[in-house]
Amino acid sequence: MVMTMSQMNSLFIVQSSYNRLKDSLNELAALQQASDAILLMEDAVFAIHHPDIETLQHLHILESDAHLIAPSCKVPITIIHYTQFAALIAQATKVITWK
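Only a predicted model underlies this, so the values are computations on that prediction, with no experimental measurement involved.

I tried to follow the overall build of the protein chain on my own but got confused; where do I start?
A count of helices and strands for the protein chain gives two helices and five strands. Counted from the first residue to the last, the protein chain has its helices and strands arranged as β-α-β-β-β-α-β. Against the 2.2 N^0.38 benchmark of 13 Å for 99 residues, the protein chain shows a C-alpha radius of gyration of 12 Å, consistent with a compact globule. Taken along its principal axes, the extent of the C-alpha atoms in the protein chain is 30 × 25 × 20 Å. Evaluated residue by residue, the protein chain yields a buried proportion of 39% over its 99 residues. Taking contacts inside the protein chain between residues at least 6 apart in sequence as the whole, the part at least 24 apart equals 61%. Side-chain charges in the protein chain split into 5 positive and 9 negative, and the spacing between the mean points of these groups amounts to 4 Å.

Next up, the structure:
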């Protein structure tokens, strides 16, 4: 489910390389508030298979990156189109890109 404008504070766009995923997940877990959303992009989509991902909420992945998710994935995640991505950016009070 995509959050509404009144619900979202920060949008974290995560584009971390595969080598930085564990560190990125730990940093996000310390920062994310209940009203924040996270968008995993490119190599960061592989984080969906990391055990630490379960501590995060409001996870999104672009439809173009969804092929990187294993069919057995049990993590609640929202697959979004680019128009929904633009809406997330517009709704967020602040957007933080994580590389």
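Which parts of the structure should I look at to understand the pattern of salt bridges?
Any two side chains of opposite charge can pair if their charged atoms end up close together. Under the defined criterion, the tally for this structure stands at three salt bridges. R20 is the salt-bridge partner of D23, the closest N and O atoms lying 3.9 Å from each other. Looking at D23, the relative accessible area reads 42%, which means it is partly exposed. With a relative accessible area of 28%, R20 lands in the partly exposed category. Among the salt bridges present, the one from E27 reaches R20, with a minimum N-O distance of 3.3 Å. Linked by salt bridges that have partners in common, R20, D23 and E27 make up one network.

What exactly am I supposed to notice about helix 2 (residues 82-91) here?
For an α-helix, the turn length of 3.6 residues means that residues three or four places apart are oriented alike. What helix 2 keeps buried is the set F85, L88 and Q91. Angular distribution of buried residues about the axis of helix 2 spans 125°; they occupy a single face of the element. For helix 2, exposure combined with an orientation more than 90 degrees from the buried face picks out Y82, T83 and A90. The elements touched by buried residues of helix 2 are strand 1 (10-14), strand 2 (37-40), strand 3 (59-62) and strand 4 (78-80).

How should the packing of aromatic side chains be read in this particular structure?
Two measures describe an aromatic ring pair: the distance that separates the ring centres and the angle between the ring planes. Using the criterion set out here, one finds two aromatic pairs in the structure. Here F12 and W98 contribute two aromatic rings whose centre-to-centre distance is 5.7 Å and whose plane-to-plane angle is 70°, an arrangement assigned as edge-to-face. Taken together, the residues F12 in strand 1 and W98 in strand 5 (residues 94-98) connect sequence positions 86 residues apart. Residue W98 is classed as buried on the basis of its relative accessible area, which comes to 12%.

Thresholds, definitions, all that
- Residues numbered from 1 in each chain as written.
- Predicted model: local features only at pLDDT ≥ 70, side-chain atom pairs only at ≥ 80, totals over all residues.
- Heavy atoms only, no water.
- Helix = DSSP H or I, 4+ residues; strand = E, 2+ residues; numbered from the N terminus.
- Rg over C-alpha atoms; globule rule 2.2 N^0.38 Å.
- Buried < 20%, exposed > 50% of the residue type's maximum accessible area, 1.4 Å probe, protein only.
- Contact = heavy atoms within 4.5 Å.
- Lys, Arg positive; Asp, Glu negative; His and termini not counted.
- Charge placed at Lys NZ, Arg CZ, Asp CG, Glu CD.
- Salt bridge = Lys/Arg side-chain N within 4 Å of Asp/Glu carboxyl O.
- Arc of directions from axis to C-beta.
- Phe/Tyr/Trp six-rings, centres within 6.5 Å; stacked < 30°, edge-to-face > 60°.

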